[in-house]
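A look at the structure
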Amino acid sequence: MPDISTPLAVRDIKALDRTGGDTFTSVLLIKRIAERPTKTGNPFLAVELGDKTGTFNVNCFSDNPAFEFFKGLREGAVVRLEAKVDYYQNRFSPKLLRAEEITADQLAGSPLMANLVETAPEEADALWAEFQAHIAAITHAELRTTVQTVFDEIGESFRTAPAALAMHHAYRHGLLEHTCHMARVCRALAPLYPEVDADLALAGILVHDTGKVTEYQGTLSTSRSRKGILQGHVVLGYQLVRKAGLKAKLHSDLLERLEHIVLSHQGELEWGAAVIAATPEAVFVAKIDDLDAKLGMVQRLLRQAGENDEFSDKHPGLNAQLLLTKPQKQ
C-alpha cells in the first residue's frame, strides 16, 4: 500500500523554495484532464491537481511514463505523486518523478479525504439558516411561496452544490454561499434604488442559479451532466421557477418577470444569458451576480495565496494577475 502518512498540501508545496529544486510528496485529487496537441502535433495531457488549499497544473508529454498513467485515470481519481519544484514562465509547474493511484479503500478512515475537497469558508449550516431567513424576508406571499416551492424540491442538492466548474465559488457549498452573498448585497442596496421592486429582486436572486443543481454532477470532482450540456442551468432554472410559480398561482406578470431574471442573469449572451436583462430587477440582479462572481474569484485567490506571493497567476475570469499584498496605510 502506498505511504500516504506525510503528504504536503498544495499551499505548503507552493511555499517551498522556488530555486532549490526541492522534491515533495502529496496526495491530490485529479480535477481536470485534457489531451491537447503540441506545436508539432504530438499529444500531451494537461492535468489539474488540487486539494482544499489550492490547485496547480502539470503537463505530461507523450514520452513521459506519467502520460499513460494519467490517461488511464478519470477526473475525481486520487493520486499520490512525487515531484520536483519547478517554474515555467513564473508559473508553478512541477516535474513529475512518479505517481500512483490511491483507491477509496486505501483512503477510508484517513483524514486526507477531508483535505481533498474544498468547501466554502463560511459554515454551511449557518449559511442555510441565513438562506431560509432571506426567503422569509420576501413580503409578497405568492412570490415567497414560489421560491419556497423551488427549494422544497431541490434544497438538499442546493446546499452542497458548487456555483461553477472553475471560475467562482467552485467548491462544495459554493452555490449556497454565492447566493447568500448576493442576497446580502441585494438587501443592502435595494433602498438606494426604489425603481427596483425589492421583493422581486430578492426572489430572483434566490432562484437565479437553481438550474445548477441539475447542470452539475459529481462529488470529489464536478462535471456537467447530460442535461447540463444539452440545456444548461439557465433553461433548467427557468423550468424549475415556472413550475413553482404556476403551482403557487403567482400572477402571470410577476411570473414572467421572475422568469426573465433567471433567463438574463448571466448578463451577456456570450456569457450564457438567454436574453439581455430588460427590467429594472433583471439589470439589478445581473450586476450583483457579476459583482459577487468577481469578488468570489478575488477571495479565493487571496485564501490560496502563499505568504510570500505578491501576485497570483493570471485568472481567466478577472483577465489579470491579482495583487495579493494588503494596502500599506502607514
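Reference entry: report on the structure contained in this document. Just so it is clear, the model here is predicted, and its values are computed rather than measured.

On to the pairing of strand E4 (residues 78-84), then. Most of E4 is tucked away: six of the seven residues are buried. As judged from the seven bridges shared by strand E1 (residues 23-37) and E4, these two strands associate in the antiparallel manner. Within E4, the position partnered with Leu29 by the bridge is Val78. Where E4 meets strand E7 (residues 95-102), seven bridges bridge the pair, whose relative direction is antiparallel. Of the residues in E7, the one forming a bridge with Val78 is Ile102.

Turning to the nonpolar core, a few remarks are in order. With 41 residues, the main nonpolar core has Phe131, Phe151, Phe158 and Leu206 as its most contacted residues. For this core, the elements supplying multiple residues, two or more each, are helix H5 (124-136), helix H6 (141-160), helix H7 (174-189), helix H8 (198-207), helix H11 (232-247), helix H12 (252-264) and helix H13 (280-303). The leading source of residues in this core is H8, at seven residues. The contact partners of Phe158, leaving out residues within four places of it in the chain, are Trp128, Phe131, Phe151, Leu175, Leu176, Thr179, Thr210 and Val213. In this structure, Leu28, Ile30, Val47 and Leu81 belong to the second largest nonpolar core, which totals 22 residues.

Attention now moves to H6. If you check H6, its first and last C-alpha atoms are 27 Å apart, about what 20 residues at 1.5 Å a residue would give, namely 28 Å. Remark: the principal bend of H6, roughly 80°, maps to Ile154. Considering only its buried residues, H6 is in contact with H5, H7, H8, helix H9 (212-215), H11 and H12.

Turning next to unusual backbone geometry. Backbone phi values are negative for most residues with the exception of glycine, while trans is the configuration of most peptide bonds. Residues other than glycine seldom take positive phi values, yet Lys249 does so here, at roughly 60°. With respect to the secondary-structure elements, Lys249 resides in the loop between H11 and H12. For Asn319, which is not glycine, the phi torsion reads 55° and is therefore positive. By secondary structure assignment, the location of Asn319 is in the segment after H13.

Here we have five strands laid out as an open sheet, ordered E3-E2-E1-E4-E7, and antiparallel in their pairing. Strands with a single pairing partner mark the edges of an open sheet, and in this sheet they are strand E3 (54-61) and E7. The mean angle between the axes of side-by-side strands here comes to 40°, regardless of whether they run parallel or antiparallel.

Cut-offs and rules
- Residues numbered from 1 in each chain as written.
- Predicted model: local features only at pLDDT ≥ 70, side-chain atom pairs only at ≥ 80, totals over all residues.
- Heavy atoms only, no water.
- Buried < 20%, exposed > 50% of the residue type's maximum accessible area, 1.4 Å probe, protein only.
- Helix = DSSP H or I, 4+ residues; strand = E, 2+ residues; numbered from the N terminus.
- Pairing = 2+ DSSP bridges.
- Core = buried A, V, L, I, M, F, W, Y, C linked by side-chain atoms within 4.5 Å.
- Contact = heavy atoms within 4.5 Å.
- Expected span 1.5 Å × (residues − 1).
- Bend = angle between axes of the 7 residues up to and from the residue.
- Axes fitted to C-alpha atoms, helices over the stretch in contact; angles between N-to-C directions.

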